[in-house]
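Structural description and commentary
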Amino acid sequence: MTTTIAGIQIPDSALARATTEYIRDIESDLLYHHSRRVFLFGALSGERQHLAYDPELLYVGAMFHDLGLVEGHRSDDERFEVDGANAAAAFLKPYGLSDDDIEQVWLSIALHTTPGVPKHLRPTVALVTAGVEMDVLGMDYAAFTTVQREAVVHAHPRGEGFKECIICAFADGLRHRPQTTFGNVKTDVLKDQVPGFTPMNFVEVIRSSPWTA
């Protein structure tokens, strides 16, 4: 049965259903509901901007975007975004999607914490980031109607402590591989959550390189 939330239909294809089941079994309630909200806010952004996006690809990108934080699905040496992107690509292969479609999903996950870039790329990539930025950072909050926001949060509650809980979830998925946060927004998470953490400094890396000048 098709589910519609805030005027957005949740994709109901075999791939979408399999995606929901897979992520629901693996992720915490916090990350699962966050990922569904990311899809809904991303789709609403696409509708508002009149973008011709593929709901199924957007759904997979949104649902997998934080999988790289989860124990058993996170590596020791890759960015968590890349872990999630790789997992999504592997998951999609049996469904016969084109290489282009798989690449769109991969990029939508891999780039979702790289500000300023996704909005210039194809809708799947742009809208996963738009959904993340709305749900985590409140970006473009006022562009969504009160009815839309309330419908999304009613279906997939944030809970009273979402802000602090999502910060903790980020830290838990990254504290064992702090070097992977170099150059991206998750450095701020570790600075806040991990006592004694000292991030790499880009200028210091340049000055300490083996080049003589």
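The rules behind each value
Residues numbered from 1 in each chain as written. Predicted model: local features only at pLDDT ≥ 70, side-chain atom pairs only at ≥ 80, totals over all residues. Heavy atoms only, no water. Helix = DSSP H or I, 4+ residues; strand = E, 2+ residues; numbered from the N terminus. Buried < 20%, exposed > 50% of the residue type's maximum accessible area, 1.4 Å probe, protein only. Core = buried A, V, L, I, M, F, W, Y, C linked by side-chain atoms within 4.5 Å. Contact = heavy atoms within 4.5 Å. UniProt positions renumbered as here; feature names shortened; annotations may be inferred. Patch = residues over 30% accessible without salt bridge, like charges linked within 9 Å, V, L, I, M, F, W, Y side chains within 5 Å. Areas by Shrake-Rupley, 256 points an atom, 1.4 Å probe, with all protein chains shown as cover. Salt bridge = Lys/Arg side-chain N within 4 Å of Asp/Glu carboxyl O. Arc of directions from axis to C-beta.

**Here we look at the overall build of the protein chain**
The secondary structure content of the protein chain amounts to 10 helices and two strands. From first element to last, N terminus to C terminus, the protein chain shows the α and β order β-β-α-α-α-α-α-α-α-α-α-α. The dimensions of the protein chain, computed from C-alpha atoms along their principal axes, are 60 × 40 × 35 Å. Looking at the 213 residues of the protein chain, the share that counts as buried comes to 45%.

**A short note on the nonpolar core**
I8, F39, L40, L58, F64, L92 and V105 are the most contacted members of the largest nonpolar core, which totals 53 residues. Where this core is concerned, the elements lending two or more residues are α1 (14-26), α2 (29-48), α3 (55-64), α4 (80-92), α5 (99-110), α6 (123-137), α8 (162-174) and α9 (186-193). It is α2 that contributes the most residues to this core, eight residues altogether. Setting aside residues up to four positions removed in sequence, F39 forms contacts with I8, Q9, I10, P11, P55, L58, Y59 and A62.

**Concerning the UniProt feature "domain: HD" (unreviewed entry) in the protein chain**
Per the UniProt entry, the sites bearing "domain: HD" (unreviewed entry) are residues 32-119 in this numbering. Counting secondary structure, residues 32-119 comes out at 59% helix and 0% strand; the distance between its end C-alpha atoms is 24 Å.

**Considerations on the environment of D100**
Position of D100 among the secondary structure elements: in helix α5. On the accessibility criterion, D100 (31% relative accessible area) is partly exposed. For the pair formed by D100 and H33, sequence separation is 67 residues and the distance between their alpha carbons is 28 Å.

**Quick word on a nonpolar patch on the surface**
Taken together, the side chains of F182, M200, F202, V203, V205 and I206 define a hydrophobic patch exposed on the protein surface, amounting to about 540 Å² of accessible area. With respect to the secondary-structure elements, F182 resides in the loop between α8 and α9.

**With respect to α9**
Those residues of α9 that sit buried are K186, T187, V189 and L190. Axial view of α9: buried residues confined to an arc of 155°, hence all on one face. Contacts from the buried residues of α9 go to α4 and α8.

**A few points about the pattern of salt bridges**
The final tally for this structure, using the stated rule, is eight salt bridges. Residue R37 is joined to D135 by a salt bridge in which the shortest nitrogen-to-oxygen separation is 2.8 Å. Of this pair, R37 sits in helix α2 while D135 sits in helix α6; the two residues are 98 residues apart in sequence, bridging distant segments of the chain. Across this residue pair, the class does not change: R37 and D135 are buried. Here R177 and D83 are joined by a salt bridge, their closest N and O atoms 2.6 Å apart. Remark: D83 occurs in helix α4 and R177 occurs in the loop between α8 and α9; sequence separation between them is 94 residues. Accessibility expressed as a relative area gives 0% for R177, which makes it buried. When salt bridges with common partners are traced through the structure, they connect R37, D135 and R158 into a single cluster.

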